[in-house]
Each structure stands twice: as structure tokens, then as C-alpha cells.
Amino acid sequence: MALGADQLERYARHIVLKEIGGPGQQKLLQARVLIVGAGGLGSPAALYPAAAGAGTLGLVDHDTVSLSNLQRQILYRTAEIGRAKTQAAREALHALNPDIHENAHATRLTQANANTLIAEYDLVADGCDNFETRFAVSDACVALGKTLVSAAVARFDGQLSVFKPHMSGADGVPLPCYRCLVPQAPPLGAAPPCAETGIIGALTGVMGSMQALEVIKEITGAGESLAGRLMLYDALAGEMRTIRLRRDPDCASCGAGH
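Residues numbered from 1 in each chain as written. Predicted model: local features only at pLDDT ≥ 70, side-chain atom pairs only at ≥ 80, totals over all residues. Heavy atoms only, no water.

Asks: Account for the sheet that holds strand β7 (residues 229–234), naming residues and giving values.
Replies: Sheet architecture is open: 8 strands sit in the order β3-β2-β1-β4-β5-β6-β7-β8, paired in mixed fashion. Strand pairing shows two members of the sheet lacking a second neighbour, β3 (101–105) and β8 (239–244), which therefore form its edges. The sheet shows a mean angle of 15 degrees between the axes of neighbouring strands, taken without regard to direction. Sheet topology note: the β7/β8 ladder contains 6 bridges and is antiparallel. Residue pairing across strands places Leu230 opposite Ile243, the latter belonging to β8. Contacts between helix α4 (residues 42–52) and the sheet are confined to β1 (32–36) and β2 (56–60), with β2 contributing the most and set at about 165 degrees to the helix. (Pairing = 2+ DSSP bridges. Helix = DSSP H or I, 4+ residues; strand = E, 2+ residues; numbered from the N terminus. Axes fitted to C-alpha atoms, helices over the stretch in contact; angles between N-to-C directions. Contact = heavy atoms within 4.5 Å.)

Asks: For the nonpolar core, give the residues involved together with the corresponding values.
Replies: Most often, soluble globular proteins keep nonpolar side chains buried together rather than apart. If you look at the biggest cluster of nonpolar residues, it comprises 38 residues, and the most contacted ones within it are Val33, Leu93 and Leu160. When residues of this core are assigned to their parent elements, the largest contribution, 6 residues, is made by helix α10 (residues 201–220). Ala114, Phe163, Leu232 and Leu245 belong to the second-largest nonpolar core, a separate cluster that totals 22 residues. (Core = buried A, V, L, I, M, F, W, Y, C linked by side-chain atoms within 4.5 Å. Buried < 20%, exposed > 50% of the residue type's maximum accessible area, 1.4 Å probe, protein only.)

Asks: Could you give an account of the packing of aromatic side chains, naming the residues involved and the relevant values?
Replies: For the structure on display, the rule yields 3 aromatic pairs. Each ring, one from Phe131 and one from Phe135, has its centre 6.2 Å from the other, and the planes form 40 degrees; the classification is tilted. A residue pair is termed a helical-turn pair when its members lie 3 or 4 positions apart in one helix, as Phe131 and Phe135 do in helix α7 (residues 131–144) at 4 residues. Here Phe135 falls in the buried class, since its relative accessible area comes to 7%. Seen in terms of ring centroids, Phe135 and Tyr178 are 6.0 Å apart; in terms of plane orientation they differ by 55 degrees. Their pairing is tilted. With Phe135 in helix α7 and Tyr178 in helix α8 (residues 178–181), the pair connects residues that are 43 residues apart, well separated along the chain. Just as Phe135 is buried, Tyr178 falls in that class too. Directly above the aromatic system of Phe131 lies the positively charged group of Arg134, at a separation of 4.7 Å from the ring centroid. Positioned over the ring face of Phe135 is Arg179, at 4.2 Å from the centre of the ring. (Phe/Tyr/Trp six-rings, centres within 6.5 Å; stacked < 30°, edge-to-face > 60°. Lys NZ or Arg CZ within 6 Å of the ring centre and 35° of its normal.)

Asks: I'd love a proper account of the side chain of Ser161, names of residues and values included.
Replies: Mapped onto the fold, Ser161 is located in strand β6 (residues 157–163). Since its relative accessible area comes to 1%, Ser161 is described here as buried. Apart from the residues within four sequence positions on either side, Ser161 is in contact with Leu148, Val149, Ser150, Leu226, Arg229, Leu230 and Leu245.

Asks: Run through the pairing of strand β4 (residues 123–126), naming residues and quoting values.
Replies: Here β4 shows no split at all, with Leu123 and Ala125 on one side and Val124 and Asp126 on the other all buried. Note: β1 against β4, 4 bridges, orientation parallel. Across the sheet, residue Leu34 finds its bridge partner in β4, namely Val124. In this structure, β4 lies alongside strand β5 (residues 147–154), joined through 4 bridges in parallel fashion. When the sheet's bridge partners are listed, Ala125 is paired in β5 with Val149. Handedness of the crossover joining β4 and β5 through α7: right-handed. (Right-handed = clockwise from strand over helix to strand, strands pointing away.)

Asks: Tell me about the environment of Leu28, and name the residues and values.
Replies: Along the chain, Leu28 turns up in helix α3 (residues 21–30). Measuring from C-alpha to C-alpha, the distance between Leu28 and Gly53 comes to 5.9 Å, with 25 residues separating the pair along the chain. Once you skip the residues sitting within four places of it in the chain, Leu28 turns out to touch His14, Ala52, Gly53, Ala54, Gly55, Ile216, Ile219 and Thr220.

Asks: Describe empty space enclosed by the protein, with residues and values.
Replies: A water-sized probe rolled over the atoms picks out the places where empty space is left. Under the defined criterion, the tally for this structure stands at 1 cavity of 30 Å³ or more. Counted as a void, the largest cavity has a volume near 30 Å³. For the largest cavity, the full set of lining residues is Ser150, Gln159, Leu160, Ser161, Phe163, Tyr178, Leu181 and Leu230. Where the lining of the largest cavity is concerned, the elements lending two or more residues are β6 and α8. Top element by residues in the lining of the largest cavity is β6. It accounts for 4 residues. Looking at the lining of the largest cavity residue by residue, the classes come out as 5 nonpolar, 3 polar and no charged. (1 Å grid on protein atoms, 1.4 Å probe; cavity = no way out; pocket = protein on both sides within 12 Å on 5 of 7 lines; lining within 4 Å. Points joined across faces, edges and corners; volume = space filled by probe spheres on them. Nonpolar A, V, L, I, M, F, W, Y, C, P; charged D, E, K, R; others polar.)

Written as C-alpha cells, this is what we have:
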């Protein structure tokens, strides 16, 4: 399907990139991306794919907008306090780019509904704030053969990776899933929520934007996938490093015995 005149202008800066071009933009327009958690990470992780023309964006969040969200959750405005996040986000994304379709899933993603929600989409961007949901997302992506772009933040630190256990790396070795990195939730109290420890708002913008970039790369095939690697960002030190991840043969989700 040829791009219209408005689309050629809207996406002109993508189209002139040889790594994306017209074919990559077509892939974006046909893509279906699920954003889990419409919060600090989910805001830029949804806004940039929307701006890029990702055809269908699904938003999963059961919460409403609160005043304390506005320090970092840039999808929302003060007048929207008390509204369902998925509805407010849906309107913001549509106002940014009427080209795209937005699906609001005003529910908590759980092990019981994860497969049903994720099956509708090509790729998942997870920016939730608890291990129970992260495991449910990861397990469903493993079961359904979906690519997962996962980001997390705490205080001044962020991490980002892409998980594609249904595929192999350049060395022919199967790639890891999220549970290969985090087999089980840390002990109670070991990872307190940001309401207790704090979070620098701009960090969620940095990590959510990088998450959006990895989503766009996975859709278009541009550059090198972050699959099999974990990016770590220390905002206080202004340092970033990347470490290799290996598949755990005994992983409860993607291991050989599963």
C-alpha cells in the first residue's frame, strides 16, 4: 500500500534513513505493539511508536491518573487526574497521530489473561512496576513466540533488554528469556516500590525512549537487536554499559525441560 501525501511528509525523516526507508515505514504502519504499563516508562514507550506510525498500539493499565504520577508520566495532564490512564493515554496518542489505532485494555495483566491479551499483538513493550506482571508477560511471550522489549528503573538506575527465546543468536545458540535473567522475584522488601525509594522523573523518559527505539528497531529490522544483551544505565554517574546474557538450560519458562 502506497503512502499518502500526508504520510510522506509526516514520516519524511524516517523515509530518508536508509536503515528504515519506505519499506521500514510500511512495516511500522502494519505493526501491532502492546504497551504493558502506561506509566513513567510506558509514556515515552507509547508516544514515540505512535509518532513513528506504529499501526496499532494496545495499552494495558488498570490504574487512574494521580497527582504524584505527573512528575514523570508525560502522557497525562493535571486536568486528567482521576481519569483511567488507558483512556487518557488513548486520546493523547490519537491527538499526536490520527494515523494509528489505539486499544485501551483497562485491566491488570495477570497469568490468567496474559496469553489472550498478548496474542493480538506482534511485539510487547513491558514497563510495569512489579515482578508478578513481568513474569506473566514473559511467560506469555515465551508461549506465544512473541518478542519482548523490557525496561525497568529504580531511583537513578535503569536497565533494558530484548527477549527473543523463540530465536537463536548469530552463534546459533537459542536466546534467553526474561526468567533466564530473573528466575524468581527477590525476597519481600528487597525491591521496594518507587513510592518508598523515589525515582528521578527524567530517568523514566530516558529508559522509555530507549525502549521505544528498540521497539522500532525490532519492527523495521534496523541495526542490531539488543536480544541476548542487557543495557545498564547509571544516571548519577552518567555511565552506560552492556553485558551479555545467556540462556539458562534449566529455566522454568524456556528451558529444555519445560
